[in-house]
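# Close look at the chain arrangement
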Amino acid sequence: MDINNHKQTDINQSPIEKTARVTGVRKNFFLVSDGETEALTTASGKLYKQTDENGLFPATGDWVHLTDGRITSVLPRKNALSRGAAGRQGKKENTPVRTQIIAANLDWVFIVCGLDRDFNLRRIERYLTLVYNCGCTPVIILSKADLHDSPEPFVLEVGSVAFGVPVHPVSSVHKDGIAALAPYLGKGQTVALLGSSGAGKSTLVNCLAGEEIQATREVSSHVGKGVHTTTTRDLIRLPTGGALIDNPGIREIAFWDVDDGSDSAFPEIEAWANECRFSDCSHSGEPGCRVREACRTGELDIERLESYLKQKRELAYLSDRQTKSADRIEKERWQWVAQEMKQMKKRGQIKR
Ligand SMILES: Nc1nc2c(ncn2[C@@H]2O[C@H](COP(=O)(O)OP(=O)(O)OP(=O)(O)O)[C@@H](O)[C@H]2O)c(=O)[nH]1
Ligand SMILES: [Zn+2]
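Residues numbered from 1 in each chain as written. Chains lettered and ligands numbered in written order. Predicted model: local features only at pLDDT ≥ 70, side-chain atom pairs only at ≥ 80, totals over all residues.

For the protein, the helix and strand inventory stands at nine helices and 15 strands. Taken over 352 residues, the protein has a buried fraction of 33%. (Helix = DSSP H or I, 4+ residues; strand = E, 2+ residues; numbered from the N terminus. Buried ≥ 20, exposed ≤ 12 C-beta atoms within 10 Å, placed from the backbone.)

Below, the structure is given as structure tokens:
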């Protein structure tokens, strides 16, 4: 989509209609850019009311329709990276998980993993599942490659759990391996960064943006008449023509889309599972289990199987929670209908 391709209607009479992209979200304020100017704005009331997971509340990376500078609708999303609301852990069992859109309309998601204490294959698998569940395409970035003589063993190791996913070792400090990322960062492409705290995301963003990020991020905007504020943007335009989305705090990850993303992260286990004697085999000791056999013959690493089973359990749990929340929504809807009927009867609008 061309950011400059907006309609401008009659200057005196009709409202000014534009298409713009959301470059940052601060509570109920949105930073939007039409490719030339950036402004802080609000959304029309109806958007604030759509708080269910399907309601399109504007998120960073969204394309939106502006009417007289205000967001009036969100254009359909190609995909969106989402997570359960932070802090859900430790809450009561029945609390439904609410999604939180981190970034929308992504061409690639960089899973950034440092080649220091951050390096963890299981965590990479979890990130992969999340990315696949969100309908996005992962690319694995092994940062801090300068800490080793050769990053090759790590690349191979990651390759063994991330089939077909590109793996790039880079050093943001020495600017090594950065050129290999160019194919993902060209004109019109949008990339989001995922990774644990300290993985090296900010350093990588600085390296790609080619300037100090504070300068890249700070924007002075105004809301309505004369209220000036300084805010930061989450969507950063790169000299290469692409855009990077780096939100702080993508640490607590919950799986929301439960259409079994583990298919994508564990293809060889899924293939063996199809050969188990029982179609509902849990691979925990049933006779004729091909997955367990793979462990015995050394084809499959037991740790990898454990990681797969753990993820399965997690997905099943979340699926259960989602169903519960859907049931509750349905119940509330009927309660509301019953109440409305009662009121209408009282007013004599219906007979019985
Ligand atoms: N040796 C080396 N250190 C790096 C490299 N990139 C980042 N670091 C160091 O790793 C530490 C964390 O880097 P950050 O870029 O702040 O990590 P982050 O992922 O943005 O962390 P959060 O902001 O907490 O999410 C810093 O001390 C960096 O200097 C690299 O390429 N090589
Ligand atoms: Zn089995």
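What the six strands build is an open sheet, ordered β10-β9-β8-β11-β15-β14; its pairing is mixed. Edge positions in the open sheet fall to β10 (167-169) and β14 (235-237), since each of these has one partner strand only. Across the sheet, the axes of successive neighbouring strands diverge by a mean angle of 25 degrees, strand direction being ignored. Of the strand pairs in this sheet, β14 and strand β15 (residues 243-245) are connected by three bridges, and their pairing is antiparallel. Bridge pairing in β15 places Ile 236 opposite Leu 244. (Pairing = 2+ DSSP bridges. Axes fitted to C-alpha atoms, helices over the stretch in contact; angles between N-to-C directions.)

The strand order across the open sheet formed by five strands is β3-β2-β1-β4-β5, and the pairing between neighbours is antiparallel. Because the sheet does not close on itself, it has two edges, and the strands there are β3 (38-41) and β5 (70-74). Averaged over all adjacent pairs, the angle separating strand axes in this sheet is 45 degrees, with direction ignored. When strand β1 (residues 17-26) meets strand β2 (residues 29-33), the two strands line up antiparallel, connected through five bridges. The residue bridging Gly 24 from the neighbouring strand is Leu 31, located in β2.

Another aspect to go through is the site of ligand 1. Taken together, 15 residues form the shell around ligand 1, and within it Ser 197, Gly 200, Lys 201, Ser 202 and Thr 203 come nearest. In terms of residue count, helix α4 (residues 201-209) provides more of the shell around ligand 1 than any other element does, three residues in total. Here the shell around ligand 1 is composed, by residue class, of three nonpolar, nine polar and three charged. (Near = placed C-beta within 6 Å. Nonpolar A, V, L, I, M, F, W, Y, C, P; charged D, E, K, R; others polar.)

Moving on: the pairing of strand β9 (residues 138-143). Among the six residues in β9, six count as buried, and that is most of the element. The alternating pattern of β9 places Pro 138, Ile 140 and Leu 142 on one face and Val 139, Ile 141 and Ser 143 on the opposite face, and all of these are buried. Where strand β8 (residues 108-114) and β9 come together, six bridges link them in parallel fashion. Residue pairing for β9: Phe 110 is matched across the bridge by Val 139.

The backbone of Lys 144 shows a phi angle near 60 degrees, a positive value even though the residue is not glycine. Within the secondary structure, Lys 144 is located in the loop between β9 and α3 (152-161). Residue Lys 144 is classed as buried on the basis of its 25 C-beta neighbours within 10 Å. Even without glycine at this site, His 283 takes up a positive phi of about 55 degrees. Along the chain, His 283 falls in the loop between α7 (267-273) and α8 (290-296).

In this structure's numbering, the residues bearing the UniProt feature "binding site: Zn(2+)" (unreviewed entry) are Cys 276, Cys 281, His 283 and Cys 289. Its place among the elements puts Cys 281 in the loop between α7 and α8. Under the C-beta neighbour-count criterion, Cys 281 is labelled buried, with 20 such atoms within 10 Å. If near-sequence neighbours (up to four positions away) are discounted, Cys 281 is found in contact with Ala 273, Cys 276, Glu 286 and Cys 289. Excluding its chain neighbours within four sequence positions, the residues that come into contact with His 283 are Ala 273, Cys 289, Val 291, Arg 292 and Leu 309. (UniProt positions renumbered as here; feature names shortened; annotations may be inferred. Contact = placed C-beta atoms within 7 Å.)

A separate point is the nonpolar core. In terms of nonpolar packing, the biggest core is built from 72 residues, with Val 109, Phe 110, Ile 111 and Ala 192 touching the most fellow members. Discounting residues that sit within four places of it in the chain, Ile 111 has contacts with Ile 124, Tyr 127, Leu 128, Val 131, Pro 138, Ile 140, Ile 141, Leu 194 and Gly 195. (Core = buried A, V, L, I, M, F, W, Y, C linked by C-beta atoms within 7 Å.)

A separate point is the pairing of β5. Two faces, one strand: in a regular strand the side chains alternate between the faces of the sheet. Looking at chain direction, strand β4 (residues 63-67) and β5 are connected through four bridges and run antiparallel. Following the sheet pairing, Thr 67 is matched in β5 by Arg 70. Linking β4 to β5, which pair antiparallel, is a turn of two residues; within it Asp 68 sits at a positive phi near 50 degrees.

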